[in-house]
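Structure at a glance
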Amino acid sequence: MDVLRRRLLGLQGPYADIREATDQLDNVKLWINGLEESDRKAAFSDLHRLIIDDNLEIATVAVLSLDFVSEYFDSEAAAFMLLENDARLYRQPLRMGATTFKTILQEYFSRVCKYCTGISHRCLEDFLLRTAEPLLRSSLLSFLAPNYSSLVVYHAHRMLDYQDAQVIAALPNHWGRIAVATALRPWPLDAVDRVKSLLRIRKFNEHDTEAIVKVMADDAPRLTHPAGLKDSRRWWIIAGEPYSWTMWETNDGELAFEVLHPGPGFQSTSRILSPSEAIAFRQNRSLGSSLL
């Protein structure tokens, strides 16, 4: 551990001249790449512990260095780190070339969501719900988009704001992008333009992009209201499966269930859930026997 701490501080490493390295991360990466598999796993464990080290420079380099041993991300260790919720996670990292976010926590959470796909949805959600600061919470939610899109869809209305429009483009499938687009409609024009630009860069289908833009502008009645439900309240999507079913929510917390019928016509019907059905769905996030 003492040797590792010296490497993280740039006091020890293979580079003879600092001009050969951008920062100490170069030394750490070169060292890790030369390790045997068992030693790489041990290096991950040590780096993981050091992200809450009292020395901020060590903590910063440690969390960034997790990228070099990402295959060893341990869901139990990650869950324990989030459960402990150490105050040192909330420090601002030292500005280095590889830092992207404002806190050690954001740097760490982004890597958990990217690499640690074995961690439970409930663990990530519980941590989100315990995060009181709105801007930090929406930032953490955005990291879930690629691998935990169902959580983003469920919490988008309450946790995102108009500055988070890029989350729509980060979601992996069209259904999820439509669902999150329903959450805060109508979105301001600059948010719509931002999403259009990102979707164009990523070469998404133009017809899909047009549908997303119409939903964001609140100009797509068939995509922003449970089909066949005579209810003028504003609704948004919180869950579902493409070409199967959709769960909608409205301002007072009531839920409406829309189901697509078999066949080529894309016909669907909707009904408002009873209070007990709504409670059961929120607890389990799955369809009970009364909805199947």
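Note: the structure precedes this text.
As the structure is a computational prediction, the values presented were derived from the model and not from experiment.

Basis of the calculations
Residues numbered from 1 in each chain as written. Predicted model: local features only at pLDDT ≥ 70, side-chain atom pairs only at ≥ 80, totals over all residues. Heavy atoms only, no water. Disulfide = S-S within 2.5 Å. Axes fitted to C-alpha atoms, helices over the stretch in contact; angles between N-to-C directions. Helix = DSSP H or I, 4+ residues; strand = E, 2+ residues; numbered from the N terminus. Parallel < 35°, antiparallel > 145°, perpendicular 65-115°, else oblique. Left-handed = near helix turned anticlockwise from the far one by under 90°. Contact = heavy atoms within 4.5 Å. Nonpolar A, V, L, I, M, F, W, Y, C, P; charged D, E, K, R; others polar. Pairing = 2+ DSSP bridges. Salt bridge = Lys/Arg side-chain N within 4 Å of Asp/Glu carboxyl O. Buried < 20%, exposed > 50% of the residue type's maximum accessible area, 1.4 Å probe, protein only. Expected span 1.5 Å × (residues − 1).

**Quick word on the state of the cysteines**
This model, assessed by the stated rule, comprises zero disulfides. Cysteine cysteine 113 is unpaired, with the sulfur of cysteine 116 as its nearest cysteine sulfur at 9.1 Å. Considering cysteine sulfurs only, cysteine 123 is the nearest to cysteine 116, which forms no disulfide, with 8.7 Å between them.

**So, the packing of helix α9 (residues 149-159) against helix α11 (residues 174-181)**
Running from amino to carboxyl end, α9 crosses α11 at an angle of 10°, the nearest separation of the two axes being 9 Å. Taken together, the axis directions place α9 and α11 in an arrangement best described as roughly parallel. Crossing handedness for the pair α9 and α11: right-handed. Residue-level contacts link Val152, Val153 and Ala156 of α9 to Trp175, Gly176, Ala179 and Val180 of α11. Of the residues belonging to the contact of α9 with α11, the class tally is six nonpolar, one polar and no charged.

**Observations concerning the sheet that holds strand β1 (residues 235-241)**
The sheet built from four strands is open, its strands ordered β1-β2-β3-β4 with antiparallel pairing. What marks the edges here is a single partner per strand, and that holds for β1 and β4 (268-272). Between one strand axis and the next, the sheet turns through 25° on average, direction left out of account. Judged from the five bridges that link them, strand β3 (residues 255-260) and β4 form a sheet pairing that is antiparallel. Residue pairing in the sheet places leucine 260 in a bridge with serine 268 of β4. Where α9 meets the sheet, it contacts β1 and β2 (245-250), and its direction lies at approximately 165° from that of β1.

**A few points about the pattern of salt bridges**
Summed over the entire model, instances satisfying the criterion amount to 19 salt bridges. Between arginine 5 and aspartate 53 there is a salt bridge, and its shortest N-O distance comes to 2.5 Å. Placement of arginine 5 in helix α1 (residues 2-8) and of aspartate 53 in the loop between α3 (37-50) and α4 (56-65) is noted, with a sequence separation of 48 residues between them. Assessed through its relative accessible area of 13%, aspartate 53 is described here as buried. Where aspartate 231 meets arginine 233, a salt bridge forms, and the shortest distance between an N and an O atom there is 2.7 Å.

**Digging into helix α6 (residues 104-115)**
The end-to-end C-alpha distance of α6, which contains 12 residues, comes to 17 Å, matching closely the 16 Å that a straight helix rising 1.5 Å per residue would cover. The buried fraction of α6 amounts to 10 of the 12 residues, a majority that puts the element mostly inside the structure. On its buried side, α6 packs onto α3, α4, α5 (75-84), α7 (121-130) and α8 (134-143).

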